[in-house]
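Breakdown of the fold
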Amino acid sequence: TILDQCNDIFCIQTNLLTRLEDNMKDQNARLQHEYEMISKELEIERLKHAETRLQFQRERQETQEMEAELLVIRRQLGMEKNTFEKAFGLFHSKSIDNSVHSEQLVATITGLEALCQQ
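In this report, we go over the structure that sits alongside the text. Only a predicted model underlies this, so the values are computations on that prediction, with no experimental measurement involved.

A few words now on the overall build of the protein. Helix and strand counts for the protein stand at one helix and zero strands. In terms of overall size, the protein is more extended than a compact globule, its C-alpha atoms giving a radius of gyration of 49 Å where 118 residues would be expected to give roughly 13 Å. Judged by the C-alpha coordinates and their principal axes, the protein covers about 165 × 25 × 10 Å. Scored against the burial criterion, the 118 residues of the protein give a buried share of 0%. With an accessible surface of roughly 11500 Å², the protein has 60% of that area assigned to carbon and sulfur atoms. Distance from the positive charge centre (14 side chains) to the negative charge centre (21 side chains) of the protein: 4 Å.

What follows is the structure, encoded as structure tokens:
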């Protein structure tokens with residue numbers, strides 16, 4: 001009868017609707033789980049990023065300190081170089097003076113020896 005057919009159609013539609021709702025619940029549960037996993041991954045990445053940024057700031061600070069130390073060392077080296085060059089210049093000057101004086105003494109001694117032999 002028509003009433004039985006309508007009841008059958010109603011039961012079929014109710015079953016389909018129930019299966020559709022179950023599928024949607026399963027899909028929502030999967031999507032919710034996926035969302036939570038992605039959210040956790042994002043939070044982990046944010047923490048790693050914060051750690052990396054902190055490490056970068058430390059490294060930059062160390063680099064700046066080392067650059068400052070290097071600048072001080074370069075200045076000291078320049079001052080020591082100037083001091084060395086001045087000292088070397090004086091030593092070289094004295095060496096030349098002593099060499100000239102030695103040559104003069106040798107010439108004087110040679111002259112005296114020549115006088116003595118005459």
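Before going further, it helps to examine the packing of aromatic side chains. Under the criterion given, the structure shown has one aromatic pair. Here the aromatic rings of Phe84 and Phe88 are separated by 6.0 Å at their centres, their planes lie at 20 degrees, and the arrangement is stacked. One end of the pair, Phe84, and the other, Phe88, are both in helix H1 (residues 2-117), four residues apart, so they sit about a helical turn from each other.

Our focus in this paragraph is a negative patch on the surface. Taken together, Glu59, Glu62, Glu65 and Glu69 make up a surface patch of like negative charges. Position of Glu62 among the secondary structure elements: in helix H1. By relative accessible area, which is 40% here, Glu62 ends up partly exposed.

Turning to the environment of Thr1, a few remarks are in order. Along the polypeptide, Thr1 turns up in the segment before H1. C-alpha of Thr1 to C-alpha of Ile96: the two residues are 95 residues apart in sequence and 136 Å apart in space.

Let's shift gears to the state of the cysteines. A complete count under the given rule lists zero disulfides for this structure. Its sulfur unpaired, Cys11 is 11 Å from the next cysteine sulfur, which belongs to Cys6. Given the relative accessible area of 43%, Cys11 is considered partly exposed.

The rules we used
- Residues numbered from 1 in each chain as written.
- Predicted model: local features only at pLDDT ≥ 70, side-chain atom pairs only at ≥ 80, totals over all residues.
- Heavy atoms only, no water.
- Helix = DSSP H or I, 4+ residues; strand = E, 2+ residues; numbered from the N terminus.
- Rg over C-alpha atoms; globule rule 2.2 N^0.38 Å.
- Buried < 20%, exposed > 50% of the residue type's maximum accessible area, 1.4 Å probe, protein only.
- Areas by Shrake-Rupley, 256 points an atom, 1.4 Å probe, with all protein chains shown as cover.
- Lys, Arg positive; Asp, Glu negative; His and termini not counted.
- Charge placed at Lys NZ, Arg CZ, Asp CG, Glu CD.
- Phe/Tyr/Trp six-rings, centres within 6.5 Å; stacked < 30°, edge-to-face > 60°.
- Patch = residues over 30% accessible without salt bridge, like charges linked within 9 Å, V, L, I, M, F, W, Y side chains within 5 Å.
- Salt bridge = Lys/Arg side-chain N within 4 Å of Asp/Glu carboxyl O.
- Disulfide = S-S within 2.5 Å.

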